[in-house]
Amino acid sequence: MAPTFHSGAFIQQCFASHRLCLTLKKLAFPEKILLACTSCNMLHRLTVRALTTHAPAARATTEGAHGGDEAADCLRHCLAAHQAALGVREVDVLQDSVGLRCAECRRSYDLGVAAFETHQH
Ligand SMILES: [Zn+2]
Ligand SMILES: [Zn+2]
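Another aspect to go through is the pairing of strand β8 (residues 107–120). Where strand β1 (residues 4–5) lies against β8, 2 bridges are found, and the strand directions are antiparallel. Across the sheet, residue Phe5 finds its bridge partner in β8, namely Thr118. Pairing of strand β7 (residues 97–102) with β8, which is carried by 6 bridges, proceeds in the antiparallel orientation. By the bridge assignment for β8, Leu100 is matched with Tyr109. In this antiparallel pair of consecutive strands, β7 and β8, the connection spans 4 residues, and Arg106 shows a positive phi of 55°.

With 15 residues, helix α2 (residues 68–82) extends 21 Å between its outermost C-alpha atoms, agreeing within 8% with the 21 Å of an ideal straight helix rising 1.5 Å per residue. Of the residues making up α2, those classed as buried are Ala71, Leu75 and Cys78. In an axial view of α2, the angular spread of the buried residues amounts to 55°, which keeps them on one side of the axis. Opposite the buried face of α2, at more than 90 degrees from it, the exposed residues are Asp69, Arg76, Ala80 and Ala81.

What counts, and where the lines are drawn
- Residues numbered from 1 in each chain as written.
- Chains lettered and ligands numbered in written order.
- Predicted model: local features only at pLDDT ≥ 70, side-chain atom pairs only at ≥ 80, totals over all residues.
- Pairing = 2+ DSSP bridges.
- Helix = DSSP H or I, 4+ residues; strand = E, 2+ residues; numbered from the N terminus.
- Expected span 1.5 Å × (residues − 1).
- Buried ≥ 20, exposed ≤ 12 C-beta atoms within 10 Å, placed from the backbone.
- Arc of directions from axis to C-beta.

Just geometry here; none of it tells us what the structure is for.
Here it is in structure tokens:
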């Protein structure tokens, strides 16, 4: 069986060297998100403890921020409607956070991550 690495180092590495190869593969809410790297064939599974979304930058105030179910619904919608537009904007394993962005809705998502896991094929 392929080993599982319990570390954020791998997704950090993917993000640093080929961020465009990271794609959002699957949502298993309430708490799991699966990202695939098409360059190194790794699957990164994130355990999410918090999800917030921000409307387009013009309204980047606290009013534009939503959390919880609403953010999850937005992200589900993006994944279903235009998966290719979703990209990884930021990975910060020290802060345990990952940022996603939807190029279609110009919406950004902030994930607080409780655990990083990486599976290699
Ligand atoms: Zn990679
Ligand atoms: Zn979208």
